[in-house]
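Listed below, chain by chain, are the residues.
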Amino acid sequence: MIRQLIARLFWAVSPWRLAVERVPDRPTIFVGAPHTSNWDFVYMLAIGWRLRLRLRWLGKHTLFTGWKGPVMRALGGIPVDRRDPARVVDEVIALVHSGKVFGLVITPDGTRGAHTHWKSGFYRIARATGLPLTLGYMDRTTMTSGLGPTFEVTGDVRADMDRIRAFFADKSGYHPELRVEPRLREEDDSNA
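The present account deals with the structure reproduced in this document. (Residues numbered from 1 in each chain as written. Predicted model: local features only at pLDDT ≥ 70, side-chain atom pairs only at ≥ 80, totals over all residues. Heavy atoms only, no water.)

Okay, the nonpolar core next. Looking at soluble globular proteins, one finds that nonpolar side chains tend to be buried together. Judged by nonpolar contacts, the single largest core of 31 residues is most densely connected at Ile29, Trp118, Phe122, Leu133, Ile164 and Phe168. Sorting the residues of this core by element identifies β2 (29-33), β4 (77-80), α4 (85-97), β5 (103-106), α5 (121-129), β6 (133-139) and α6 (157-168) as the ones contributing at least two each. When residues in this core are grouped by element, the largest group, 5 residues, is from α4. Ala7, Tyr43, Phe64 and Leu75 belong to the second-largest nonpolar core, a separate cluster that totals 21 residues. (Core = buried A, V, L, I, M, F, W, Y, C linked by side-chain atoms within 4.5 Å. Buried < 20%, exposed > 50% of the residue type's maximum accessible area, 1.4 Å probe, protein only. Helix = DSSP H or I, 4+ residues; strand = E, 2+ residues; numbered from the N terminus.)

What follows deals with the pairing of β6. In terms of burial, β6 is largely enclosed, as 7 of its 7 residues are buried. One ladder, built from 5 bridges, connects β2 with β6; its direction is parallel. Looking across to β6, one finds that Phe30 is bridged to Thr134. Relative to strand β7 (residues 144-151), β6 is paired through 6 bridges, and the arrangement is antiparallel. Of the residues in β7, the one forming a bridge with Leu133 is Phe151. Hairpin connection of β6 to β7: 4 residues between the antiparallel strands, including Met143 at a positive phi of 55 degrees. (Pairing = 2+ DSSP bridges.)

Our focus in this paragraph is helix α2 (residues 39-50). Taking 1.5 Å of rise per residue, the 12 residues of α2 would be expected to cover 16 Å, and the 16 Å separating its terminal C-alpha atoms lies within 8% of that figure. Of the residues making up α2, those classed as buried are Asp40, Tyr43, Met44, Leu45, Ala46, Ile47, Gly48 and Trp49. Contact partners of the buried residues in α2: α1 (2-13), β1 (17-20), β3 (55-60), β5, β6 and β7. Positive backbone phi, at 55 degrees, marks Arg52, one or two positions downstream of α2. (Expected span 1.5 Å × (residues − 1). Contact = heavy atoms within 4.5 Å.)

In structure tokens, the structure reads:
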């Protein structure tokens, strides 16, 4: 109740508008993109709290050190050690298969630094668990943040990513100059 009140107040004073196509009615993987700012985290919490979504999210393990650890875990965080990303994917799959019910937020851009591809963990988790993808976004050009469509992945990486690219094509992120085109290395590898 308190979280929803905080979220209502946040959206009332925010210059950004909340836009939601449809609130998922079952556990899903929330693909958050473009991930260009630390503000993305605040807006993700505000969306989740406003819509009463039970969210967990992946964050770099350094966010969970010292006094920040308990706070980040209380906010739904799951630490990711970037030196062993496959282990994290396996752990999340095991958590879902254990029967825990939650929506998982993943920012496949990963870091906000320079890079050319998204990380594929979100896709591998969706395939292994049967969870659908819900596309979440920040768009500075329209000053909106919210949730787009929810859909099942088909296993055809290129076709699924084409659908994701089409949705994010006009989404700029908080810092548009840091936006990364939605593309997985697996798509490039299938060309070989």
